[in-house]
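So the chains spell out like this:
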Amino acid sequence: TGLKTKNVDVAGEFAAAAMSGPQRTPPTLQEWLSKVEWTREVGEFRRAVVRFVNDVDWSETWLRAVIAVHVVLFFTLVITRRNHVVQFATFFTLLVSVLGATFVNDWCMANYALFTNHAYFDKSGFFISVMWSVPAMINCMLILINWVYISGELLVKVKRLELAQKRRRAAASKGGGGGGGDGDTKKTQ
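Predicted model, so just to flag it, every value in this text is computed and none were measured.

Rules behind the numbers
- Residues numbered from 1 in each chain as written.
- Predicted model: local features only at pLDDT ≥ 70, side-chain atom pairs only at ≥ 80, totals over all residues.
- Heavy atoms only, no water.
- Salt bridge = Lys/Arg side-chain N within 4 Å of Asp/Glu carboxyl O.
- Helix = DSSP H or I, 4+ residues; strand = E, 2+ residues; numbered from the N terminus.
- Phe/Tyr/Trp six-rings, centres within 6.5 Å; stacked < 30°, edge-to-face > 60°.
- Buried < 20%, exposed > 50% of the residue type's maximum accessible area, 1.4 Å probe, protein only.
- Core = buried A, V, L, I, M, F, W, Y, C linked by side-chain atoms within 4.5 Å.
- Contact = heavy atoms within 4.5 Å.

Some words on the pattern of salt bridges
For side chains bearing opposite charge, pairing can occur when the charged atoms are close. Applying the stated criterion across every chain yields a total of two salt bridges. Between Glu153 and Arg82 there is a salt bridge, and its shortest N-O distance comes to 2.7 Å. One end of the pair, Glu153, is in helix H7 (residues 126–175); the other, Arg82, is in the loop between helix H4 (61–79) and helix H5 (84–99), with 71 residues separating them in the sequence. The closest approach of N and O atoms between Glu162 and Lys159, which form a salt bridge, is 3.0 Å. Of the two residues, Glu162 and Lys159 are both situated in helix H7; the distance of three residues between them amounts to about one turn of the helix.

Describing the packing of aromatic side chains
Each aromatic ring pair is described using two quantities: the centre-to-centre distance and the angle formed by the ring planes. Taken as a whole, this structure holds 13 aromatic pairs when the rule is applied. Ring geometry for Trp62 against Tyr120: centres 6.1 Å apart, planes inclined by 50°, an arrangement best described as tilted. Taken together, the residues Trp62 in helix H4 and Tyr120 in the loop between helix H6 (101–111) and H7 connect sequence positions 58 residues apart. The exposure class assigned to Trp62 is buried, which follows from its relative accessible area of 19%. Note on Tyr120: relative accessible area 12%, which makes it buried. Residues Phe88 and Phe92 carry aromatic rings whose centres are separated by 6.3 Å and whose planes lie at 20° to one another, so their mutual orientation is stacked. With a gap of four residues between them, Phe88 and Phe92 both fall in helix H5, about one helical turn apart. Through successive ring pairs, a cluster of aromatic residues spans Phe52, Trp62, Trp107, Phe115, Tyr120, Phe121, Phe126 and Phe127.

So, the nonpolar core
In terms of nonpolar packing, the biggest core is built from twelve residues, these being Phe52, Val56, Trp62, Leu63, Val66, Ala101, Cys108, Tyr120, Phe121, Phe127, Ile128 and Met131. Listed by contribution, the elements that provide at least two residues to this core are H4, H6 and H7. Non-local contacts of Phe127, meaning those with residues more than four positions away in its chain, are made with Phe52, Val56, Trp62, Leu63, Tyr120 and Phe121. Counting residues in each nonpolar core, the second largest holds seven residues, with Leu73, Leu94, Ala136 and Cys140 among its members.

As structure tokens, then:
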């Protein structure tokens, strides 16, 4: 099940080179990349994105509103990055909205004439995924990154306080003759 490229099994080529001994060396990274057909796939993806952008009527008010919601959400997340309650509420709301996107897509597919002249919504949900779910999940990912960063900061802060407390205890035990510390000594029964 190796990576197939231009009728060459690259993983198999590496394995064959490794098994056959020193007379055959595995291809270099440059040789390997030259055999991968990813440039064709990137080109196809780029053409699909350009086609999508050209096919959508960006002058429609509701599309601008959806984009504005994502921009406002992003800046709200940046401004409230230290407010855990707002971050959690936004995270939960975004995840629920992504979960409900299927139902919204079904409704929009049946009633698109109420708010647009174009039938953007289909059974696959591609349009709502691109316009709502992907940006919402990116915002959720940013919230998670922020939580990991804040957790790291908190861990460093706790460790520093712990080390400072150890230093104070060590200084108190040296200077005070070992007695009357901060109450952490255990009494024997």
